[in-house]
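Structural characterization, general
For reference, the chains in residue letters:
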Amino acid sequence: MKTAFCIYGLPGSGKSTFVSLAEDNDIPAVIMGDVVREKAAEELDTDNVTGQDIGEWATEQREKYGPDIMAEYTAERVQDIDSDVVVVEGVRSKSELDVFESAFDVQTVHIEADFDTRLQRLQKRDDDRAELSEDGVTAEELKKREERELDWGMNELLEFDADYVIDNTHSLSEYQTRITDILPS
């Protein structure tokens with residue numbers, strides 16, 4: 001059975017760094033946010049889809065089809081990957097996690113970082129990356145995004161006992177070492 005490392009944490013906690021290091025070690029990744037953006041762009045049928053549009057569309061989809069619809073879309077992508085191990089970045093609720101657990105051998109990784117650290121990281125991201133991912137560059141924008149994700153079920157997921165919890169408030173090299181310790185070689 002395929003192993004899926006399901007990565008979750010609040011915006012700016014370090015999920016993208018985890019994905020990059022996994023891919024550097026030839027472990028493919030599926031980013032739920034990318035799947036959501038692609039689906040939203042198809043459905044909204046416009047060239048100028050904003051981060052806010054995507055967030056509103058995702059909320060509407062969850063209300064219409066259930067809280068785990070984005071996980072179902074993503075699980076299909078994971079199934080199509082020819083690898084025994086895949087990283088899934090961006091799980092946002094326990095019901096989404098349940099979708100992956102029903103299809104894969106799941107290892108959960110909760111990445112933690114305090115608000116100020118995460119805000120600083122998001123403010124440093126490249127402008128084009130921030131535009132794509134809707135990462136807020138102000139405290140108010142970050143709080144608004146967090147509230148939406150918490151409403152989607154992230155609050156319940158953050159209380160879940162993950163297989164691995166990484167405190168990502170130290171150096172990048174320390175964080176990378178923790179990731180390397182978790183991932184299969």
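The rules behind the values
- Residues numbered from 1 in each chain as written.
- Predicted model: local features only at pLDDT ≥ 70, side-chain atom pairs only at ≥ 80, totals over all residues.
- Heavy atoms only, no water.
- Axes fitted to C-alpha atoms, helices over the stretch in contact; angles between N-to-C directions.
- Helix = DSSP H or I, 4+ residues; strand = E, 2+ residues; numbered from the N terminus.
- Parallel < 35°, antiparallel > 145°, perpendicular 65-115°, else oblique.
- Left-handed = near helix turned anticlockwise from the far one by under 90°.
- Contact = heavy atoms within 4.5 Å.
- Nonpolar A, V, L, I, M, F, W, Y, C, P; charged D, E, K, R; others polar.
- Phe/Tyr/Trp six-rings, centres within 6.5 Å; stacked < 30°, edge-to-face > 60°.
- Buried < 20%, exposed > 50% of the residue type's maximum accessible area, 1.4 Å probe, protein only.
- Pairing = 2+ DSSP bridges.

1. Quick look at the packing of helix α4 (residues 69-80) against helix α5 (residues 94-103)
Running from amino to carboxyl end, α4 crosses α5 at an angle of 30°, the nearest separation of the two axes being 8 Å. Judged by the inter-axis angle, α4 sits roughly parallel to α5. You can see that α4 and α5 cross each other, and the crossing is right-handed. On α5, the residues touching M70, A71, E72, T74, A75 and Q79 of α4 are E96, V99, F100 and A103. Residues that form the contact of α4 with α5 fall into these classes: 6 nonpolar, 2 polar and 2 charged.

2. Topic: the side chain of E96
Positionally, E96 belongs in helix α5. Setting aside chain neighbours within four positions, we find E96 in contact with M32, R62, P67, D68, M70, A71, G90 and V91.

3. Examining the packing of aromatic side chains
Scanning the model with the defined rule gives 1 aromatic pair in all. Ring geometry for F100 and F104: centres 6.4 Å apart, planes at 25°, overall stacked. Owing to a relative accessible area of 0%, F100 belongs among the buried residues under this scheme.

4. What to know about the pairing of strand β3 (residues 85-89)
Consecutive residues of a regular strand have side chains that alternate between opposite faces of the sheet. With 5 of 5 residues buried, β3 is to be regarded as a mostly interior element. Alternating residues of β3 divide into V85, V87 and E89 and V86 and V88, and every residue in both groups is buried. Strand direction decides the pairing type here: strand β1 (residues 3-8) and β3, joined by 5 bridges, are parallel. Residue pairing across strands places A4 opposite V86, the latter belonging to β3. As defined by bridge partners, strand β2 (residues 29-31) adjoins β3 across 3 bridges and the pair is classed as parallel. Looking at β3, one finds that I31 is bridged to E89.

5. Re the pairing of β1
Burial within β1 is extensive, with 6 of its 6 residues counted as buried. On β1, burial covers both faces: T3, F5 and I7 on one face and A4, C6 and Y8 on the other are all buried. Two elements, β1 and strand β4 (residues 105-112), share 6 bridges in a ladder whose sense is parallel. Each bridged residue has a counterpart across the sheet, and for T3 the counterpart in β4 is D105.

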